[in-house]
Amino acid sequence: MTAQEFLTKMKEDVLDTEMDITLDTSLGDIEEWDSLGVVTFIAMAKAACGKKVERAAIVNAKTLQDLYELLQ
Amino acid sequence: MICEEMLEGRYVVLKSCTIDDAEFTLAIRQNPKFTSFLPKIEQTLEQQKEWIRQQREKAGDYFFVVWDKKGNRIGTVGLCEIAKGQYESNRLTMLGDSFEATEAVLLLFQFGFKILNLDHIGSFIFADNKRAIRFNKMFGGIISEPYPNTNNEVKNSYGRMIVRCKFLRENFPLIEKKITISLYS
């Protein structure tokens, strides 16, 4: 998945946000990065990339870049 | 009312509130993170202890303290019978991470739908609490249009805009499956 594809999926599918986001965007600045966002991201990681994302990795992630790297 | 058994998940444990939890349960309701979106409670520690004593005796009123696996209290969650056969989820306050918060509510709903055999569970949310509305939608909550709290459905918040949320037992298995896949993948 390219970075742009990831950002589009995050914006439209995972977060459902109007906010402009980049890989540098801090997760703490995204209102929709909440429990629903986390659960949806985990489901997206599995469906789109076949990746199993661990809780520790999610909890430690600070930016969208950190989440993107979990899918590589 | 006391649930004798602990409700245990992978990340959290729900235990019926005791007098020993009075300080924590009072403090968390006065935490600025929650005071905007929960009805205010203004009482002393002794009053909170007395409230807990009465709550433990009250039929149909389940109040849990959420503990993490390190032995820390990290939140509260409740299920109350507000009218015969009608239960409401409430008192949700969580300091933990998303996994802990999600699992705490999952355990509560499993208790309500599978142990108490409820057909539906309701709740009220302040209309401007977007995070809580999103959280409840994740559990299949059916959200009403916003309306003013003029019937005091939410205490100490007369006139404030609220939404009613309803969870149906028939929808729960699918929701439970979806959430457990994400929580425990």
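Residue positions are given per chain, counting from 1 as you read along its sequence in written order. Both sets of labels track the order of writing: A upward for chains, 1 upward for ligands. Totals for whole chains, interfaces and linings use all residues, but because this is a predicted model, local features are given only for residues with pLDDT of at least 70 and pairs of side-chain atoms are given and counted only at 80 or more.

A.B. asks: What should I look at first to understand the confidence of the model for chain B in this one?
C.D. replies: Detailed reading of the predicted model is not advised wherever pLDDT is low. The predictor rates its confidence in each residue with pLDDT, a number between 0 and 100. On average, residues of chain B score 91 in pLDDT, and 99% of them reach the 70 mark or higher. This complex was scored by the predictor with a pTM of 0.89 and an ipTM of 0.81.

A.B. asks: Is there a simple way to explain the packing of helix α4 (residues 98–115) of chain B against helix α6 (residues 172–183) of chain B in this structure?
C.D. replies: For any two helices packed against each other, one specifies the crossing angle of their axes together with the interaxial distance. Residues and elements named next belong to chain B. Note on geometry: axes are C-alpha line fits, over the in-contact stretch for helices, and angles between N-to-C directions span 0 to 180 degrees. Numbering of helices and strands starts at the N terminus; helices are DSSP runs of H or I of at least 4 residues and strands are runs of E of at least 2. Between α4 and α6, whose axes approach to 11 Å, the crossing angle comes to 150°. Our classification of the angle between α4 and α6 gives roughly antiparallel. Classified by chirality, the crossing of α6 by α4 is left-handed. Contacts between α4 and α6 involve Phe99, Thr102, Glu103, Leu106, Phe109 and Phe113 from the first element and Phe172, Glu176, Ile179 and Leu183 from the second. An angle below 35 degrees is read as roughly parallel, one above 145 as roughly antiparallel, one from 65 to 115 as roughly perpendicular, and any other as oblique. Handedness of a crossing is defined here by the sense of rotation of the near helix relative to the far one, left-handed for an anticlockwise turn of less than a right angle and right-handed for a clockwise turn. Contact criterion: two residues are in contact if their C-beta atoms, reconstructed from the backbone, are within 7 Å.

A.B. asks: Any chance you could explain the environment of Met44 of chain A here in plain terms?
C.D. replies: Residues and elements named next belong to chain A. Assignment of secondary structure puts Met44 in helix α2 (residues 35–49). C-alpha separation for the pair Met44 and Asp13, spaced 31 residues apart in sequence, amounts to 8.4 Å. Once residues within four sequence positions are removed from consideration, Met44 is found in contact with Lys9, Asp13 and Val14.

A.B. asks: Looking at this model, I keep getting lost on the interface of chain A and chain B. Mind explaining?
C.D. replies: Quite often, the size of an interface is put as the accessible area lost when its parts meet. Taken together, the eleven residues of chain A in the interface contact 13 residues of chain B. Here the element with the most residues in the side of chain A that touches chain B is α2 of chain A; it accounts for seven residues. Nonpolar residues are Ala, Val, Leu, Ile, Met, Phe, Trp, Tyr, Cys and Pro. Charged residues are Asp, Glu, Lys and Arg, and all others, Gly as well, are polar. Partitioning the side of chain A that touches chain B into residue classes produces six nonpolar, one polar and four charged.

A.B. asks: I tried to follow α2 of chain A on my own but got confused; where do I start?
C.D. replies: An α-helical turn contains 3.6 residues, so any two residues separated by three or four positions project in the same direction. An expected span of 1.5 Å times one less than the residue number is assigned to each helix. In this model, α2 of chain A (15 residues) spans 21 Å end to end at C-alpha, consistent with the 21 Å of a helix rising 1.5 Å per residue. Where α2 of chain A is concerned, the buried positions are Ser35, Leu36, Gly37, Val38, Val39, Thr40, Phe41, Ile42, Met44 and Ala45 of chain A. The inward-facing, buried residues of α2 of chain A contact α1 (3–14), α3 (55–60) and α4 (64–70) of chain A together with α4, α5 (130–138) and α6 of chain B. Gly50 of chain A, located one to two residues past α2 of chain A, shows a positive phi value of around 65°. Labels follow a simple rule on C-beta atoms placed from the backbone: if 20 or more others lie within 10 Å of a residue's own, it is buried; if 12 or fewer, it is exposed; otherwise it is partly exposed.

A.B. asks: Mind showing me how you'd approach the environment of Ser89 of chain B here?
C.D. replies: All names here are of chain B. Of note, Ser89 is situated in strand β5 (residues 86–94). Each C-alpha atom of the pair Ser89 and Leu79 lies 4.4 Å from the other, and the pair is ten residues apart in sequence. Not counting chain neighbours up to four residues away, the residues in contact with Ser89 comprise Gly78, Leu79, Leu108, Ile121 and Ser123.

A.B. asks: Looking at this structure, I do not really get the pairing of strand β4 (residues 73–83) of chain B. What am I missing?
C.D. replies: Within a regular strand, side chains alternate between the sheet's two faces. All names here are of chain B. When DSSP finds two or more bridges between two strands, those strands count as paired. The pairing of strand β3 (residues 61–68) with β4 spans seven bridges and is antiparallel. Within the sheet, the bridge partner assigned to Val65 lies in β4 and is Thr76. Here β3 folds back onto β4 in antiparallel fashion, the turn holding four residues, of which Gly71 has a positive phi close to 90°. The pairing of β4 with β5 spans seven bridges and is classified as antiparallel. Note that in β5 the partner of Thr76 across the bridge is Thr93. Taking the residues that link successive antiparallel strands as the turn, the β4-β5 hairpin has two residues, and the phi of Gly85 there is positive, at about 80°.

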